[in-house]
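What follows is each chain in one-letter form.
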Amino acid sequence: MTLQSTTPEFKRNARGALADEKLQSALAFAKPGFSTKRAQARAALPEFDDLRDAARDLKDHVLGHLDLYLEAYERRVIESGGHVHWAETAEDARRIVLEICRKAEAKTVNKGKTMISEECGINDFLAENGIAPVETDLGEYIIQLRGEHPSHIIAPAVHVTVEEVREAFRKAHGHLPEGRDLEGLDTLLAEARTVLRKKYFEAEVGITGANMLIAETGQSVIVTNEGNGDLSQSLPKVHVVMASIEKIVPTLEDASTILRVLARSATGQEMSVYTTFSQGPRRAEDPDGPEEYHVVLLDNGRSNMLGTEFQDMLRCIRCGACMNHCPVYNAVGGHAYGWVYPGPMGAVLTPSLIGVEEGGQLPNASTFCGRCEAVCPMRIPLPRMMRSWREREFEKRLTPSATRWGLGLWRFVASRPALYRLGTGIASRALAAMGRGGRIAKLPWAGAGWTDQRDFPAPEPGGTFMSRYRPDADGRPS
Amino acid sequence: MSARERILGRVREAASAPGDRAAAVRARLASAGRQTAPVPALAASVDEARAAQFEAKLAAVDGTLTRLPSLEALPAALAEALRARNLARAIRIGEEPDFAGLDWGGTDVTRGPGRLEEPATLSRAFRGVAETGTLALRSGPENPVTLTFLGETHFVVVRRSELLGGLEELFAAARGAGATPRTLNLVTGPSRSADIGATLQLGAHGPKALHVFLIED
């Protein structure tokens, strides 16, 4: 079992999110920043689109040879004194992590940001087993205090307003004076910094994710801005890396290609503040760093995506550009998606990992505007894969009966051209008659769902395209 | 069958690359050191333009820089920088040989890994990368990795001859520098976070300020 999803409730979640004023104000504040900064970063690097092609080709090469690269990577980790653990499922990963923690007699486990650990539900599991997990990424820390999950893969607390952060800190930091000044954003940051700084020195185990695993060197790479992932892996005596199997890149040069598109696509930075290459445990002469280094390689459904129409999704480097540019994500936020991964990448990945029965709602949460694919640094055809999921959902008869009935009716009409033209002709004349100045303010029945929010464009007078179409004798438009 | 064998078995069955896959992997791994992807013009600076680009990129990520004529000028420049930042005249460093012979004057110098409170730390970068204003540090007794993250103000020394154009040159240098350290840390500006109110602030968990002493040599 992986993290419990509320994905089947997507529609209800989305309605709730749209009505949530705090969420809407947080989303409205964050939204323009990401896309503007990405556009500026892209404009400043003439080679950006060529690098995207190279990054795509590089990852396609890896996926076509993944077994061999995993073996090469594993050899290098072991040679450098590290341990590799293979986890087929989230449950396996939880068991492996718990065993490592027990062996280290851990009471506290510090965590750098890792979506894989969210996928495996590590925090709740450790807590159930008497070990306290402490999220150290500031956003992750805030949502841990609030008992929530991330709503964005790189900005996990993007849905939380400043006032809510203040409330959470007052409640959680009971050892500090009640009447202290928490007005400025800087005072909030300083308080979190001081509280977490102590935690770094207390934890026996530090867990981080990995943006990449390098087959050439056996290094794991984390890319961060705060420095918490580095403190989490340098101060405890055990460092555990949780990574999924597709994170492999062959060489350091290949890593540089990914790095050149990753931060620009994510936050618009040319380079994130900290890019750390970690290999094995501390060396004999080192005064700091962990004494043990473990890598948990998670499959959890990914090997089943290889060789299918969803393989391209495994190129994803988790930059978040697709959700930053998604009109649906920006309207409802990440929690409505109901599982670990939101936005367009989540809409494709979720049904792949937890099944179309559970996650099949998400590929419907798209207008197919195509911005996600347009900005994806790995050129993942997200709309095409969402369409594939819709087809599978339909084939499995998971689509609601009203939708199936409507699609059936449309098919009946569309496959009979005379009937289709008659129908569209009547509809077009009716809509034209309803228009005022080219716009329709109010439509009846299902159309109200559109016109409640905005006007519907009225058709031009003069009939449908087909009724005006006059090909010449050769069938060419005259 | 172990989990490892089952995972690798599924991957092997589905991995669809044509031809001799093992040979392709060997060739790719043997290509380490050669970039097959495009190299941005940003990564191709040379000579004085390289130092200028490094300084400009560093400034763009909120780092600051002082040029020094020689390593011998470091103690006085550090003392002045501490004073200007209203910090106590104390610094935490590693066993870096370049720092060993210096006369630190009245500065209280302690050596070792980072502690809970470190107002100011000093590291010796392995290289600087002009492409993005990035410093590369190798962990070890000379440069305890915790000094890079626990110092509230982090000072870093790098020589002008150690500035490189881009990441390709950095990785070539890393391969040529002998045993791989436990961590190779690429640092591009002081620590930051936008997790509170979607507003960028410096000094999240790591340094609030990053200052580079560039030694002209």
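Starting afresh in each chain, residues are numbered from 1 along the sequence in its written order. Chains carry letters from A onward and ligands carry numbers from 1 onward, assigned in written order. With the structure being a predicted model, the display of local features is reserved for residues of pLDDT at least 70 and the display and counting of side-chain atom pairs for 80 or more, all residues being used for whole-chain, interface and lining totals.

Peer 1: A description of the nonpolar core should follow, citing residues and the corresponding values.
Peer 2: Core analysis: the largest hydrophobic core is formed by 180 residues, its most contacted members being Leu66(A), Tyr69(A), Val205(A) and Val296(A). In DSSP terms, a helix is any run of H or I states spanning at least four residues, a strand is any run of E spanning at least two, and both are numbered starting from the N terminus. Here the element with the most residues in this core is helix H12 (residues 252-266) of chain A; it accounts for eight residues. Residues are defined as contacting one another if the C-beta atoms placed from their backbone atoms lie within 7 Å. Discounting chain neighbours no more than four positions away, the residues touching Tyr69(A) are Val62(A), Ala215(A), Ile248(A), Pro250(A) and Val25(B). Buried Ala, Val, Leu, Ile, Met, Phe, Trp, Tyr and Cys residues form a nonpolar core when they are connected through C-beta atoms within 7 Å. Buried residues are those with 20 or more other C-beta atoms within 10 Å of their own C-beta, exposed residues have 12 or fewer, and partly exposed residues lie in between; C-beta atoms are placed from the backbone.

Peer 1: Give a detailed account of the confidence of the model for chain B, specifying residues and quantitative values.
Peer 2: Chain-level pLDDT for chain B is 97 on average; 100% of the residues reach the 70-or-more range. Scored by ipTM, the complex comes to 0.98, with pTM at 0.93. The predictor reports its confidence for every residue as pLDDT, a score running from 0 up to 100.

Peer 1: Give a description of the domain arrangement of chain A that names residues and reports values.
Peer 2: How far each domain reaches was decided by an automatic or database domain assignment. Taken domain by domain, chain A comprises domain 1 (7-298) and domain 2 (402-468). A C-alpha centroid distance of 49 Å is found between domain 1 of chain A and domain 2 of chain A.

Peer 1: Describe helix H3 (residues 47-60) of chain B, and please don't skip the residues or the numbers.
Peer 2: All names here are of chain B. Here H3 contains 14 residues, and its C-alpha end-to-end distance of 20 Å stays within 8% of the 20 Å for a straight helix at 1.5 Å per residue. Within H3, burial applies to Gln53, Phe54, Glu55, Lys57 and Leu58. Along its buried surface, H3 packs onto strand E1 (64-68), strand E5 (127-129), strand E8 (163-164) and strand E12 (209-215). Immediately beyond the C-terminal end of H3, within one or two residues, lies Asp62, with a positive phi of roughly 70°. To estimate how far a helix should reach, multiply one less than its number of residues by 1.5 Å.

Peer 1: Lay out the sheet that holds strand E8 (residues 248-249) of chain A in plain terms, naming residues and giving numbers.
Peer 2: At least two bridges found by DSSP between two strands is the condition for calling them paired. Strand order in the open sheet made by the eight strands is E8(A)-E5(A)-E6(A)-E9(A)-E9(B)-E6(B)-E5(B)-E8(B), with mixed pairing throughout. The open sheet is flanked by E8 of chain A together with E8 of chain B, the only strands paired with a single partner. Direction of pairing for E5(B) relative to E8(B): parallel, over a ladder of two bridges. Looking across to E8(B), one finds that Val129(B) is bridged to Leu164(B). Here an angle of 0 to 180 degrees is reported between the N-to-C directions of two axes, which are lines fitted to C-alpha atoms, with helices fitted over the stretch in contact. Lying over the sheet, H12(A) contacts strand E5 (212-214), strand E6 (219-224), E8 and strand E9 (274-278) of chain A, oriented at roughly 165° with respect to E5(A).

Peer 1: Please set out the packing of H12(A) against helix H7 (residues 167-176) of chain B residue by residue, giving values where relevant.
Peer 2: Taken N-terminus to C-terminus, the directions of H12(A) and H7(B) make an angle of 150°; their axes are 10 Å apart at the nearest point. Classified by the interaxial angle, the pair formed by H12(A) and H7(B) is roughly antiparallel. When you trace H12(A) past H7(B), the crossing you get is right-handed. Where H12(A) abuts H7(B), its residues Leu252(A), Glu253(A), Ser256(A) and Leu259(A) lie against Leu167(B), Glu168(B) and Phe171(B). Residue polarity follows a fixed list, in which Ala, Val, Leu, Ile, Met, Phe, Trp, Tyr, Cys and Pro are nonpolar, Asp, Glu, Lys and Arg are charged, and the others, Gly among them, are polar. Residue composition of the contact of H12(A) with H7(B), by class: four nonpolar, one polar and two charged. Orientation categories follow fixed angle ranges, with anything under 35 degrees roughly parallel, anything over 145 roughly antiparallel, 65 to 115 roughly perpendicular, and all other angles oblique. Helix crossings are classified by the rotation of the near helix relative to the far one: an anticlockwise turn of less than a right angle makes the crossing left-handed, while a clockwise turn makes it right-handed.

Peer 1: Give a description of the environment of Ala347(A) that names residues and reports values.
Peer 2: Residue and element names in this part refer to chain A. In this fold, Ala347 is placed in helix H15 (residues 343-354). In this structure the C-alpha to C-alpha distance between Ala347 and Leu382, which are 35 residues apart in sequence, comes to 8.7 Å. Once residues lying within four places of it in the same chain are set aside, the contact partners of Ala347 are Leu362, Pro363, Ala365, Ser366 and Met386.

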